[in-house]
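# Chains, contacts and geometry: an overview
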Amino acid sequence: MVSGQGWAGDSNPPQPAAPRPQKPSSLVRPYAVTGGRTAPRMKFAMEALVSSVTSEYQDISLLSPEYQAIIQLTRNVRSVAEISALLRQPLGVVRVLIADMASEGLIRVHQPALDAGKPDLNLLERVLSGLRRL
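Conventions used here
Residues numbered from 1 in each chain as written. Predicted model: local features only at pLDDT ≥ 70, side-chain atom pairs only at ≥ 80, totals over all residues. Heavy atoms only, no water. Helix = DSSP H or I, 4+ residues; strand = E, 2+ residues; numbered from the N terminus. Contact = heavy atoms within 4.5 Å. Areas by Shrake-Rupley, 256 points an atom, 1.4 Å probe, with all protein chains shown as cover. Pairing = 2+ DSSP bridges. Buried < 20%, exposed > 50% of the residue type's maximum accessible area, 1.4 Å probe, protein only. Arc of directions from axis to C-beta. pLDDT = per-residue confidence, 0-100. Core = buried A, V, L, I, M, F, W, Y, C linked by side-chain atoms within 4.5 Å. Axes fitted to C-alpha atoms, helices over the stretch in contact; angles between N-to-C directions. Left-handed = near helix turned anticlockwise from the far one by under 90°. Nonpolar A, V, L, I, M, F, W, Y, C, P; charged D, E, K, R; others polar.

## Structural notes on the overall build of the protein chain
- Within the protein chain, the secondary structure is distributed over five helices and three strands.
- What you see in the protein chain, going N to C, is helices and strands ordered as α-β-α-β-α-α-β-α.
- Taking contacts inside the protein chain between residues at least 6 apart in sequence as the whole, the part at least 24 apart equals 67%.
- For the protein chain, the exposed area adds up to about 9800 Å²; of that, 55% sits on carbon and sulfur atoms.

## What about the sheet that holds strand S1 (residues 49-52)?
- Here we have three strands laid out as an open sheet, ordered S2-S1-S3, and antiparallel in their pairing. With one partner strand each, in any of the chains shown, strand S2 (78-79) and strand S3 (107-110) form the two edges of the open sheet.
- Where S1 lies against S3, four bridges are found, and the strand directions are antiparallel. When the bridges of S3 are listed, valine 50 appears paired with valine 109.

## Quick notes on helix H2 (residues 65-73)
- The set of residues buried in H2 consists of Tyr67, Ile70, Ile71 and Leu73. With its buried residues spanning 165° around the axis, H2 presents them on a single face.
- The inward-facing, buried residues of H2 abut S1, S2, helix H3 (80-87) and helix H4 (91-103).

## Comments concerning the confidence of the model for the protein chain
- Summary statistics for the protein chain give a mean pLDDT of 77 and a share of 70% for residues scoring 70 or more.
- Within the protein chain, the lowest mean pLDDT, 68, falls on helix H1 (residues 30-33), and the highest, 94, falls on S2.
- Across residues 21-26, where pLDDT falls below 50, the model places zero contacts with residues more than four positions away in sequence or in other chains.

## Re the nonpolar core
- Formed by 19 residues in total, the largest nonpolar core has its most connected members in Phe44, Val50, Ile70, Val80, Ile83, Ile98 and Met101.
- When contributions to this core are tallied by element, the ones reaching two or more residues are H2, H3, H4 and S3.
- The greatest single-element share of this core, amounting to six residues, is contributed by H4.
- The contact partners of isoleucine 98, leaving out residues within four places of it in the chain, are Phe44, Val50, Ile70, Val80, Ile83, Ile107 and Val109.

## Structural notes on the packing of H3 against H4
- With their axes 9 Å apart at the nearest point, H3 and H4 run at an angle of 115° to one another. Considering the relative orientation of H3 and H4, their crossing is right-handed. Listed contacts from H4 to Val80, Ala81, Ile83 and Ser84 of H3 are Leu91, Val94, Arg95 and Ile98.
- A class-by-class count of the residues in the contact of H3 with H4 yields six nonpolar, one polar and one charged.

Structure representation (structure tokens):
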């Protein structure tokens, strides 16, 4: 065999690269998380603010991973849209989860007060402040 002939002169052709080991997928279809429900039990705007009512010392390990993530995120007040973005979940799924959690008393939803179609100035300032932090 002459050097530089490549695999043509070898008796063993090169093997394709071994497939990379794949991480076990922990992704669950978004609507499987909600049991297939697409409409929340209560109506609230995507700019509604959400806060956790659980103490940081309270054991939340028995809750679903999605509930745990939402509780952790809402230790600081966040909007529904922000929670959706941070969890990388569709807004509809997050609305269903938040409505369920609110009915169970795990979180509190603060609806924006609209006066004759005019948004609350305080709400707009909080949203702007949150956007600047991002």
